[in-house]
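# Residue-level structural notes
Next come the chains, spelled out residue by residue.
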Amino acid sequence: MSPGEYVKEAYRCILRSDFEEAILCFEAAIAADPNDPEVRYRCSITYARSGRLEKAAEHARAAVKLDGAKTEYSLHLQHLQAMLYVQEAKRLLEDKIDAKNNPFRPITLLNEAVKLDPLYGDAYVWLAIAYSRMNEHLPAIAAMKEVISLHPDDDGLKELMKDLQKSLQKYMQ
């Protein structure tokens, strides 16, 4: 098959929600024409939807390298990098041993995620949690205000904000 036929088959697979087969088709298209940034970009999106962020970032980097002028490629790569930072910060926050070694590492990662993708709500939520765990309640509340401004109708975020405000009040007493 030609690269274009592999891509068409990948989209047919996506319509059937068969993302693993779609990835195989995209990879076959890439093997047939490794210099097509659009196929790399589409493959990256499919990997990301399947939760395989490392492979998604690999293909996104390749797309940007092949055609750095396309803004959507760069924005997609930035979003993936932000997701990877959040994923790593969550791991560190859950791993109490690592957190004791460098308790500010998750905050550093999450601040970088917010810089890379200021619209990525999960980064702000985890940043608020990380600050709160360090008894840095004012920056935690500031992070929550940011995510609430992005998602003003999310009641769960408003509840988390109330919890953070209660924590601040207890801390101040």
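Cut-off values and rules
Residues numbered from 1 in each chain as written. Predicted model: local features only at pLDDT ≥ 70, side-chain atom pairs only at ≥ 80, totals over all residues. Heavy atoms only, no water. Helix = DSSP H or I, 4+ residues; strand = E, 2+ residues; numbered from the N terminus. Rg over C-alpha atoms; globule rule 2.2 N^0.38 Å. Buried < 20%, exposed > 50% of the residue type's maximum accessible area, 1.4 Å probe, protein only. pLDDT = per-residue confidence, 0-100. Phe/Tyr/Trp six-rings, centres within 6.5 Å; stacked < 30°, edge-to-face > 60°. Polar contact = N/O pair within 3.5 Å; in protein donor to acceptor, adjacent residues only side chain to side chain. Contact = heavy atoms within 4.5 Å. Salt bridge = Lys/Arg side-chain N within 4 Å of Asp/Glu carboxyl O. Expected span 1.5 Å × (residues − 1).

### Details of the overall build of the protein
Across its full length, the protein holds ten helices and zero strands. Reading the protein from its N end, one meets helices and strands in the order α-α-α-α-α-α-α-α-α-α. The C-alpha radius of gyration of the protein comes to 20 Å, more than 25% above the 16 Å expected for a compact globule of 173 residues. Overall size of the protein, expressed as C-alpha extent along the three principal axes, is 70 × 35 × 30 Å.

### Let's talk about unusual backbone geometry
Outside of glycine, negative phi angles account for most residues, and trans bonds account for most peptide bonds. Positive phi is not limited to glycine here, since Ser17 has a value of about 65°. Of note, Ser17 is situated in the loop between helix 1 (3–15) and helix 2 (19–32). You can call Ser17 exposed: its relative accessible area is 52%.

### Remarks on the confidence of the model for the protein
Scored by pLDDT, the protein comes out at a mean of 93, with 97% of its residues at no less than 70. Looking over the protein, one finds the lowest element-wise mean pLDDT in helix 6 (residues 96–101), namely 58, and the highest in helix 4 (residues 53–66), namely 98.

### Overview of the packing of aromatic side chains
Considering all chains together, one arrives at two aromatic pairs under this definition. Ring centres of Tyr11 and Phe26 lie 5.9 Å apart, and the angle between their planes is 85°; on these two criteria the pair is classed as edge-to-face. Placement of the pair is Tyr11 in helix 1 and Phe26 in helix 2, with a sequence separation of 15 residues. A relative accessible area of 0% means that Phe26 is categorised as buried. Summarising the aromatic geometry, the rings of Tyr41 and Tyr73 are spaced 4.9 Å apart at their centres and angled 40° between planes, so their arrangement reads as tilted. Taken as a pair, Tyr41 in helix 3 (residues 37–49) and Tyr73 in helix 5 (residues 71–94) lie far apart in primary sequence, 32 residues in all.

### Description of the side chain of Arg40
Tracing the backbone shows Arg40 in helix 3. In this structure the side chain of Arg40 is engaged in a polar contact, spanning 3.4 Å, whose partner is the side chain of His59. Once you skip the residues sitting within four places of it in the chain, Arg40 turns out to touch Ile30, Pro34, His59, Ala62, Ala63 and Leu66.

### Brief notes about the pattern of salt bridges
Two side chains bearing opposite charge may form a pair once their charged atoms approach each other closely. Using the criterion set out here, one finds ten salt bridges in the structure. Across the salt bridge formed by Glu88 and Arg91, the nearest N and O atoms sit 2.8 Å from each other. With Glu88 and Arg91 both in helix 5 and three residues apart, this pair spans about one turn of that helix. Measuring nitrogen to oxygen at the nearest pair gives 3.5 Å for the salt bridge that ties Lys162 to Glu159. Taken together, the positions of Lys162 and Glu159, both in helix 10 (residues 155–172) and three residues apart, correspond to about one turn of that helix. Classification of Lys162 as partly exposed rests on a relative accessible area of 44%. Salt bridges here are not isolated pairs; linked through shared partners, they connect Glu38, Arg42, Lys70 and Glu72.

### Some words on the environment of Gln87
Take Gln87: it is sitting in helix 5. In the structure, Gln87 is positioned 22 residues away from Leu109 in sequence and 9.4 Å away in space, judged by C-alpha atoms.

### Some details on helix 7 (residues 105–116)
For helix 7, with twelve residues, the first-to-last C-alpha span of 17 Å sits near the 16 Å given by 1.5 Å per residue. The complete set of buried residues in helix 7 reads Pro106, Ile107, Leu109, Leu110, Ala113, Val114 and Leu116. In the core, the buried residues of helix 7 are packed alongside helix 5 and helix 8 (121–133).

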